[in-house]
Amino acid sequence: MDLRIFTEPQQGADYDTLLSVAKATEDLGFDAFFRSDHYLHMGSVDGLPGPTDAWITLAGLARETRRIRLGTLMTAGTFRLPGVLAIQVAQVDRMSGGRVELGLGAGWFEEEHQAYGIPFPKEKFARLEEQLAIVTGLWKTPVGERFSYAGDFYQLTDSPALPKPAQPKVPVLIGGLGANRTPRLAGEYADEFNAPFASPEDSEAQFGRVRKAAENAGRKGDDLVYSNALVACVGKDDAEVARRAAAIGREVDELKTNGLAGSPAEVVDKIGRYAEVGSSRIYLQILDLHDLDHLELIASQVGSQVG
């Protein structure tokens, strides 16, 4: 089981804080550092000092880290034109020496679009499908050839399809719990499918839909990596679990039901339930980015048993 660190900087984190977490992620042996792509905080937090851009952050981290994979859960398709996004991701991939992964979603948080003057179209999912076709098509086009695309929302004419990423293929992540369109897109475009904040039972059902969609697209179900994103709240004893739950404004029982919470032994046991339904990678949503001791405990007491 790969363990990756997943952050939500819109809740209140500057670049220096993210850099500290990314360096701890690398030093402690985790597989990757991922972040959300939002410009507005959620819930009762103030979000200070304000949002950071996902791909600018990852560009900086690409030069400050050596080993860990870097990516987004998920880049909002509403924030960037697909041709521009293909250039951005390819450049950051080169800056990192080939360690980037692109999670791409339709975008959903209307309030942040209103707050920063970003159009919020009605046809988000149809746009996402065209975005996936364009980004992957630009990267696959051989050097010296041209890429054109005529869609309902985007048109590209004689693009040189440059630059190319450092990797022969940047892994593309698609996630969600929709029963029809999401599995179909994942079956066609994804290298990894992520079931966010889902139970083992719901994950198993969604993984099955994606496997079937991949087969319908002429692929094998095992061509994809299957993963989960889950909030983490681990403590060496009940008091430490309660303290960490209070720090993120959550209840222990709720976290144990919906996430990975409790003692290391409890968390290892629950990770095993996800492994049994086909998950091979967990994105640990870390909400208190100043508690690096939390990461050390997970690495030493959980990662050592499931890694």
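On a predicted model such as this, the values are computed, not experimentally measured, just so you know.

Student: How should I be thinking about the overall build of the protein chain in this particular structure?
Tutor: Scanning the protein chain for helices and strands turns up 11 helices and 12 strands. Its C-alpha atoms give the protein chain a radius of gyration of 19 Å, within 12% of the compact-globule value 19 Å for 307 residues. A buried classification covers 54% of the 307 residues belonging to the protein chain. Put simply, the protein chain shows about 13,600 Å² of open surface, and 50% of that area lies on carbon and sulfur atoms. The average position of the 32 basic charges and that of the 44 acidic charges among the side chains of the protein chain differ by 6 Å.

Student: I tried to follow the environment of E8 on my own but got confused; where do I start?
Tutor: Note on placement: E8 falls in the loop between β1 (2-7) and α1 (15-27). Distance from E8 to R35, taken between C-alpha atoms, is 5.9 Å for residues 27 residues apart in sequence. Once residues within four sequence positions are removed from consideration, E8 is found in contact with S36, H38, Q285, I286 and L287. Looking at E8, its side chain comes within polar contact range of the side chain of Q285, at 2.9 Å.

Student: Explain the pairing of strand β5 (residues 100-105) here, please?
Tutor: Side-chain positions along a regular strand alternate between the two faces of the sheet. Summarising burial for β5: six of the six residues are buried, a large majority. Direction of pairing for strand β3 (residues 69-72) relative to β5: parallel, over a ladder of two bridges. Within β5, the residue paired with L70 across the bridge is V100. Note that strand β4 (residues 75-76) and β5 share two bridges and pair parallel. Bridge assignment links T75 to a residue of β5, and that residue is L104. Note that the unit made of β4, helix α3 (residues 82-96) and β5 has a crossover that is right-handed.

Student: When you look at the packing of aromatic side chains in this model, what are you seeing that I'm missing?
Tutor: Centre distance and the angle of the planes are the two values used to describe a pair of aromatic rings. Throughout the structure, instances matching the rule amount to six aromatic pairs. Seen in terms of ring centroids, F34 and Y283 are 5.0 Å apart; in terms of plane orientation they differ by 70 degrees. Their pairing is edge-to-face. Remark: Y283 occurs in strand β12 (residues 281-286) and F34 occurs in strand β2 (residues 32-35); sequence separation between them is 249 residues. Just as F34 is buried, Y283 falls in that class too. Here a set of aromatic residues connected by ring pairs shows up, and it is made of Y39, F79 and Y116. In this structure, R181 packs its charged tip against the face of F125, placed 4.2 Å from the ring centre.

Student: Is there a simple way to think about the environment of A246 in this case?
Tutor: Within the element layout of this structure, A246 appears in helix α8 (residues 238-247). Separated by 150 residues in the primary sequence, A246 and S96 place their C-alpha atoms 36 Å from one another.

Student: Hey, could you run me through the packing of helix α10 (residues 264-276) against helix α11 (residues 292-306) in this one?
Tutor: Two quantities define a packed helix pair, namely the angle between the helix axes and the distance between the axes. At a minimum axis distance of 10 Å, the contact between α10 and α11 shows a crossing angle of 40 degrees. Considered as vectors, α10 and α11 are oriented oblique to each other. Where α10 crosses over α11, the two elements pack in a sense that is right-handed. On the side of α10, the interface is formed by P264, V267, V268 and I271, while α11 contributes L297, Q301, V302, Q305 and V306. Counted by class, the contact of α10 with α11 contains seven nonpolar, two polar and no charged residues.

Student: Mind showing me how you'd approach the pattern of salt bridges here?
Tutor: Pairs may arise between side chains of opposite charge once their charged atoms sit close together. The full count for this structure, using the stated rule, is 19 salt bridges. R4 is the partner of E101 in a salt bridge, and the nearest nitrogen-oxygen pair spans 2.9 Å. Taken together, the residues span a long stretch of sequence, with E101 in strand β5 and R4 in strand β1 at a distance of 97 residues. A relative accessible area of 4% means that E101 is categorised as buried. Among the ionic pairs, R243 bridges to E240, the shortest N-O distance being 3.7 Å. Of this pair, R243 and E240 both sit in helix α8, three residues apart, which is roughly one turn of that helix.

What counts and how
- Residues numbered from 1 in each chain as written.
- Predicted model: local features only at pLDDT ≥ 70, side-chain atom pairs only at ≥ 80, totals over all residues.
- Heavy atoms only, no water.
- Helix = DSSP H or I, 4+ residues; strand = E, 2+ residues; numbered from the N terminus.
- Rg over C-alpha atoms; globule rule 2.2 N^0.38 Å.
- Buried < 20%, exposed > 50% of the residue type's maximum accessible area, 1.4 Å probe, protein only.
- Areas by Shrake-Rupley, 256 points an atom, 1.4 Å probe, with all protein chains shown as cover.
- Lys, Arg positive; Asp, Glu negative; His and termini not counted.
- Charge placed at Lys NZ, Arg CZ, Asp CG, Glu CD.
- Contact = heavy atoms within 4.5 Å.
- Polar contact = N/O pair within 3.5 Å; in protein donor to acceptor, adjacent residues only side chain to side chain.
- Pairing = 2+ DSSP bridges.
- Right-handed = clockwise from strand over helix to strand, strands pointing away.
- Phe/Tyr/Trp six-rings, centres within 6.5 Å; stacked < 30°, edge-to-face > 60°.
- Lys NZ or Arg CZ within 6 Å of the ring centre and 35° of its normal.
- Axes fitted to C-alpha atoms, helices over the stretch in contact; angles between N-to-C directions.
- Parallel < 35°, antiparallel > 145°, perpendicular 65-115°, else oblique.
- Left-handed = near helix turned anticlockwise from the far one by under 90°.
- Nonpolar A, V, L, I, M, F, W, Y, C, P; charged D, E, K, R; others polar.
- Salt bridge = Lys/Arg side-chain N within 4 Å of Asp/Glu carboxyl O.

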